[in-house]
Amino acid sequence: MDFSFTEEQTLLRNMVQSFVSDNYEFDTRMKIVRSEEGMDRGIWQQFAELGLLAAPFSEEMGGLDGGPVETMVIMEELGRGLVVEPYLPTIVLCGGILNRHGSDAQKQAYLPSIIGGEAIWALAFNEPQGRFNLADIVTSARAEGDDYVLNGTKAVVLGGPWADKLIVSARISGDQRAREGVGLFIVDKSASGVSTQDYPTVDGGRASEVTLENVSVAADAMIRDANSGLGILEEAVDHGIAAICAEAIGHMKMLNDATVEYCRTRKQFGVPIGSFQVLQHRMVDMFMEYEQSVSMTYMVNMKLTEDAAARTKAAAGAKVQIGKSGRFVGQEAVQLHGGMGMTEELNVGHFFKRLTMIDTQFGNVDHHLKRFAAA
Amino acid sequence: MDVDFTPEDVAFREEVRSFIEENYPKNLGALERSDMSKEDLLAWHKVLHTRGWVAPSWPVEFGGTDWTVTQRYIFNEESARYGTVPPMPFGVQMLGPVIYTFGNQEQKDWVLPGILSGKDWWCQGYSEPGAGSDLAALKTKAVLEGDEYVVNGHKIWTTLAQHADWMFCLVRTTTSDKRQDGISFLLIDMKTPGITVRPIITIDGGHEVNEVFLEDVRVPAKNLVGEQDKGWTIAKFLLGNERSGIAGVARSKKAIDRLREIARGELENGDPLLSSADFSRKIAELEVDLTALEYTELRTLAAESQGQGPGPESSILKIKGTEIQQRITELTMEAVGNYAAPWVPQLDVGDNYLAIGPDQSHGVSQTYFNTRKTSIYGGSNEIQRNIIAKMVLGL
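Residues numbered from 1 in each chain as written. Chains lettered and ligands numbered in written order. Predicted model: local features only at pLDDT ≥ 70, side-chain atom pairs only at ≥ 80, totals over all residues. Heavy atoms only, no water.

(A) The arrangement of the overall build of chain B in detail. Counting secondary structure elements, chain B contains 11 helices and 10 strands. Projected onto the principal axes, the alpha-carbon positions of chain B cover approximately 75 × 55 × 50 Å. Expressed as a percentage of its 395 residues, the buried residues of chain B come to 51%. A sequence separation of at least 24 residues applies to 73% of the contacts in chain B between residues at least 6 apart. (Helix = DSSP H or I, 4+ residues; strand = E, 2+ residues; numbered from the N terminus. Buried < 20%, exposed > 50% of the residue type's maximum accessible area, 1.4 Å probe, protein only. Contact = heavy atoms within 4.5 Å.)

Rendered as structure tokens:
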């Protein structure tokens, strides 16, 4: 048993940490969030140069052959800086799908430009009626000769406005919520029949509603075959969950440190408010929630490569923990900062908002409790 | 002991309901509060004024009503049921009672009518950067020079000061060992030279609160309420009144109705979310807690009607009321699922702005974020617990 990081992993952490603290201070982050595009392409290019975009990919594709732990380390550090650039959709979700399930031709066609920072991808898997059920798919893929024709609407596609390519889940056969008959398709966002409505999200990101109207894609745009889409999607989402758990522990650590520091320095009634036992215990609870979250984040990242049943249970459990802890830590950090915690100009509220969205992203506590119980 | 409504009460409810339905400005219905101009926020206030219903809890001689506790309860319930914009609390709930309790005749004559008519918008100059929960630490200074006070200082979290004509303000007139001594209660015209209002944008993107800077602001000495240096008593009296309205039971009921409506429209595996056992259980738990709070508030109101002022027990109403409000907004956000994510900008809404997702999901996240303030303002919930521990339990 070993919970320590290798020397390479520690070097990776140090590198990301110093890059973020040097180049992604809170003011810079807010300028990026408020900019027209909402992300910084220069930062993305620097991620490529640092090798962050290559981390999880195989060496033959030009990657660094990293595993879930490397992704975890990177996401935690990006979380500390509230980085909005699309590491999750491009590298973890879509890159992960291509890496694990893409054909050789697909990998060779797409991974180099992802690793090089030239292409941004987004995973279009939510639907307006689907809530958190990945199989609840109305979007249809109809076989027509050698092509598929896609029709439907995908909801809250994170990173959608920046994406060049989308991976879209669509129903090839079966009933609306059937597990079988789901395909994943690579769709060029500029393809004829694709339209988007772009918008900012509460946590400083950007997302799109994507409408597909008779979008024709070649059969080789499908990942694997006409029946494996859901399994691949579930696996990708579990990888996404493991990644945002890591991001969330980055947020919680920052909030806990900021709260302790604030309570040490903020004086009321002639003493630091941190001297009040009721607030001390609250901060102890925040600290314990953080530690439990770290444990569950390590756990899920170690189990990501196990079989589907073990992976499902691990991801569902971790997501429940992070959802509850993130909510508690976020709310209490705001409360203990008093009015200051409510202001747009302090980073506390922004960590809180991102943690709130992490609870919803890929399914909330209720959803994953049920999934955990059933797994 | 009973909580039945008399035939008179039932008739009164009918009267209130039809008055609201017939007179509520139709254009206000479609607006979120954050979109409202000063005129919008005052529109219903002005209609209520014509009917004499702006300040039901004031004594009749000052322009209030002679309603029973039950009637006031019915009025609040009907107002919340319809979703009216309530009169701003700063004048009606906070300052009015201070003036008719501590003010002199001249002050009663000029302050109270302006509150009732809506001519004067008041804001509350209490908190300062160094004086939040510890209000007595306030440093804003007023020095008497001839027949004027010269005020210097810095107020913060001043709600809707951007609309205010006047501010009631706690200032330090004497420095003494006991910090509660030497505080005075001043009425300040916001148009006076030396006052600067700076907006504070909150995490929901809204502009409700402000900083107010006072630099050599000259205030006529006759604007002092009560005695100089004895303002702490007034300050505490006002805080007690502020808390009494804070439970928000009727509005929480309405918010739960809306939550249920949203959960009926949201689908989970093809079925309404409302039919999910987990989700409906959470709503039920909220409703049970709200019912308990409602009866606690009714007991407080009944005691008040027998001449007992709002005591430290009103801290229960503040704590439980705000906790319930926060849980409702949290569950409402949870109900809309993925559509909690779109950010609806409250400032600088452009012409090309298009709403995302189903109508019912709009703004629920912002409301959740905004409502986090309720356990902080009006004396944080930690302070309220201190009050109960000290004043009720004698610890």
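Now that the structure has been shown, we can carry on.
(B) Region of interest: the domain arrangement of chain B. Residue and element names in this part refer to chain B. Along its sequence, chain B is organised into domain 1 (7–87), domain 2 (122–231) and domain 3 (245–392). At the interface, 13 residues of domain 1 touch 11 residues of domain 3. Where domain 1 meets domain 3, there are 1 salt bridge. Residue Lys 253 is joined to Glu 77 by a salt bridge in which the shortest nitrogen-to-oxygen separation is 2.7 Å. (Domains from an automatic or database assignment. Salt bridge = Lys/Arg side-chain N within 4 Å of Asp/Glu carboxyl O.)

(C) How the structure looks around helix H5 (residues 87–101) of chain A. At Gly95(A), H5(A) shows its largest bend, some 40 degrees. Of all 15 residues that make up H5(A), 14 are buried, and the element is covered over most of its length. (Bend = angle between axes of the 7 residues up to and from the residue.)

(D) Examining the environment of Pro342(B) more closely. All names here are of chain B. In this fold, Pro 342 is placed in the loop between helix H9 (314–335) and helix H10 (364–371). Here Pro 342 falls in the buried class, since its relative accessible area comes to 7%. Taking the C-alpha atoms as reference, Pro 342 lies 9.0 Å from Ser 361; in sequence the two are 19 residues apart.

(E) Molecular detail of the side chain of Glu382(B). Residue position: Glu382(B) is located in helix H11 (residues 381–392). Polar side-chain contacts of Glu382(B) include one of 2.7 Å to the side chain of Arg282(A). Apart from residues no more than four positions distant in its own chain, Glu382(B) is found in contact with Leu279(A), Arg282(A) and Gln335(A). (Polar contact = N/O pair within 3.5 Å; in protein donor to acceptor, adjacent residues only side chain to side chain.)

(F) Examining the confidence of the model for chain B more closely. Here chain B averages 92 in pLDDT, while 94% of its residues score no lower than 70. Residue range residues 347–353 of chain B is modelled with pLDDT below 50. Its contacts to residues more than four positions away, or to other chains, number 5 contacts. (pLDDT = per-residue confidence, 0-100.)

(G) Local environment of a nonpolar patch on the surface. Together, Met391(B), Val392(B), Leu393(B) and Leu395(B) line one region of the surface with nonpolar side chains, adding up to about 460 Å² of accessible area. Structurally, the position occupied by Leu393(B) is in the segment after H11. (Patch = residues over 30% accessible without salt bridge, like charges linked within 9 Å, V, L, I, M, F, W, Y side chains within 5 Å. Areas by Shrake-Rupley, 256 points an atom, 1.4 Å probe, with all protein chains shown as cover.)

(H) Region of interest: the domain arrangement of chain A. All names here are of chain A. Domain parsing of chain A yields domain 1 (7–119), domain 2 (122–226) and domain 3 (230–374). With 15 residues of domain 2 in contact, the opposing surface of domain 3 contributes 14 residues. Interface area, domain 2 with domain 3, both sides summed: about 1400 Å², of which 75% is carbon and sulfur. Broken down residue by residue, the surface that domain 2 buries against domain 3 is led by Phe 132, Leu 134 and Asp 203, which jointly contribute 40%. Scanning the region where domain 2 abuts domain 3 turns up 2 salt bridges. For Asp 203, the salt bridge is made with Arg 354, and the minimal N-O distance between the two is 2.8 Å. There are 2 residue pairs in polar contact (both at pLDDT 80 or more) connecting domain 2 and domain 3. The class makeup of the residues in the side of domain 2 that touches domain 3 is 10 nonpolar, 1 polar and 4 charged. (Buried area = accessible area lost by both parts, 1.4 Å probe. Nonpolar A, V, L, I, M, F, W, Y, C, P; charged D, E, K, R; others polar.)

(I) Examining empty space enclosed by the protein more closely. Residues and elements named next belong to chain A. According to the stated counting rule, one finds 8 cavities of 30 Å³ or more in the structure shown. Volume-wise, the largest cavity comes out at about 520 Å³. Along the wall of the largest cavity there are 33 residues; nearest its centre are Leu 88, Leu 158, Asp 203, Arg 354 and Gln 361. Among the elements that line the lining of the largest cavity, the one with the most residues is H5, at 4 residues. (1 Å grid on protein atoms, 1.4 Å probe; cavity = no way out; pocket = protein on both sides within 12 Å on 5 of 7 lines; lining within 4 Å. Points joined across faces, edges and corners; volume = space filled by probe spheres on them.)

(J) Geometry of the state of the cysteines. All told, the structure shown has 0 disulfides over all chains when counted by the stated rule. The thiol of Cys245(A) is not disulfide-bonded; the next cysteine sulfur, from Cys94(A), is found 19 Å away. (Disulfide = S-S within 2.5 Å.)

(K) Structural context of helix H4 (residues 89–102) of chain B. Residue and element names in this part refer to chain B. With 14 residues, H4 should cover 20 Å at 1.5 Å per step; its first-to-last C-alpha distance of 18 Å lies within 8% of that length. At Leu 95, H4 shows its largest kink, close to 45 degrees, and the proline Pro 97 lies no more than four residues downstream. For H4, the tally of buried residues reaches 10 of 14 residues, placing the bulk of the element in the interior. Every buried residue of H4 is listed here: Phe 90, Gly 91, Val 92, Met 94, Leu 95, Gly 96, Pro 97, Val 98, Ile 99 and Tyr 100. (Expected span 1.5 Å × (residues − 1).)

(L) Highlighting the pairing of strand S6 (residues 194–200) of chain A. All names here are of chain A. Pairing analysis gives 7 bridges linking S6 to strand S7 (residues 206–218), with the strands arranged antiparallel. The residue bridging Gln 197 from the neighbouring strand is Glu 209, located in S7. Once S6 ends, the chain turns through 5 residues before running back antiparallel as S7, passing Gly 204 with a positive phi of about 90 degrees. (Pairing = 2+ DSSP bridges.)

(M) Representation of the pairing of strand S7 (residues 207–220) of chain B in the model. All names here are of chain B. Across 8 bridges, strand S3 (residues 148–156) lies against S7 in antiparallel orientation. For Val 151, the partnering residue across the bridge sits in S7 and is Val 217. Where strand S6 (residues 195–201) meets S7, 7 bridges bridge the pair, whose relative direction is antiparallel. Among the inter-strand pairings, Thr 196 is bridged to a residue of S7, identified as Phe 213. Taking the residues that link successive antiparallel strands as the turn, the S6-S7 hairpin has 5 residues, and the phi of Gly 205 there is positive, at about 85 degrees.

(N) Seen up close, a negative patch on the surface. Residue and element names in this part refer to chain A. A cluster of like negative charges, contributed by Glu 59, Glu 60, Asp 65 and Asp 104, occupies part of the molecular surface. Assignment of secondary structure puts Glu 60 in the loop between helix H3 (41–50) and helix H4 (68–80). Overall, Glu 60 belongs to the exposed group, its relative accessible area being 73%. (Lys, Arg positive; Asp, Glu negative; His and termini not counted. Charge placed at Lys NZ, Arg CZ, Asp CG, Glu CD.)

(O) Structural view of the pattern of salt bridges. On inspection of all chains with the given rule, the structure shows 52 salt bridges over all chains. A salt bridge links Asp359(A) to Arg327(A); the nearest nitrogen and oxygen atoms lie 2.5 Å apart. Here the residue Asp359(A) occupies a position in helix H10 (residues 347–360), and Arg327(A) occupies one in helix H9 (residues 308–337), the gap between them amounting to 32 residues. By relative accessible area, which is 6% here, Asp359(A) ends up buried. For Arg327(A), a relative accessible area of 24% corresponds to the partly exposed category. Here the salt bridges do not stand alone but share partners, grouping Arg13(B), Arg17(B), Glu21(B), Glu77(B), Glu78(B), Arg81(B), Lys253(B) and Glu294(B) into one network.

(P) The nonpolar core, seen in detail. Phe47(A), Leu78(A), Tyr87(A), Trp121(A) and Phe185(A) are the most contacted members of the largest nonpolar core, which has 148 residues in total. Ranked by the residues each element gives to this core, the list is headed by helix H7 (residues 229–265) of chain A, at 17 residues. Non-local contacts of Phe47(A), meaning those with residues more than four positions away in its chain, are made with Phe19(A), Leu52(A), Leu53(A), Leu78(A), Val83(A) and Glu85(A). In terms of nonpolar packing, the next biggest core, distinct from the first, is built from 71 residues, Tyr24(B), Met88(B), Ile99(B) and Tyr100(B) among them. (Core = buried A, V, L, I, M, F, W, Y, C linked by side-chain atoms within 4.5 Å.)

(Q) Spotlight on the side chain of Gln331(A). With respect to the element layout, Gln331(A) can be found in helix H9. The buried category is assigned to Gln331(A), whose relative accessible area is 13%. Engagement of the side chain of Gln331(A) in a polar contact is seen with the side chain of Tyr368(B), the distance being 2.7 Å. Once you skip the residues sitting within four places of it in the chain, Gln331(A) turns out to touch Phe352(A), Glu330(B), Tyr368(B) and Arg372(B).

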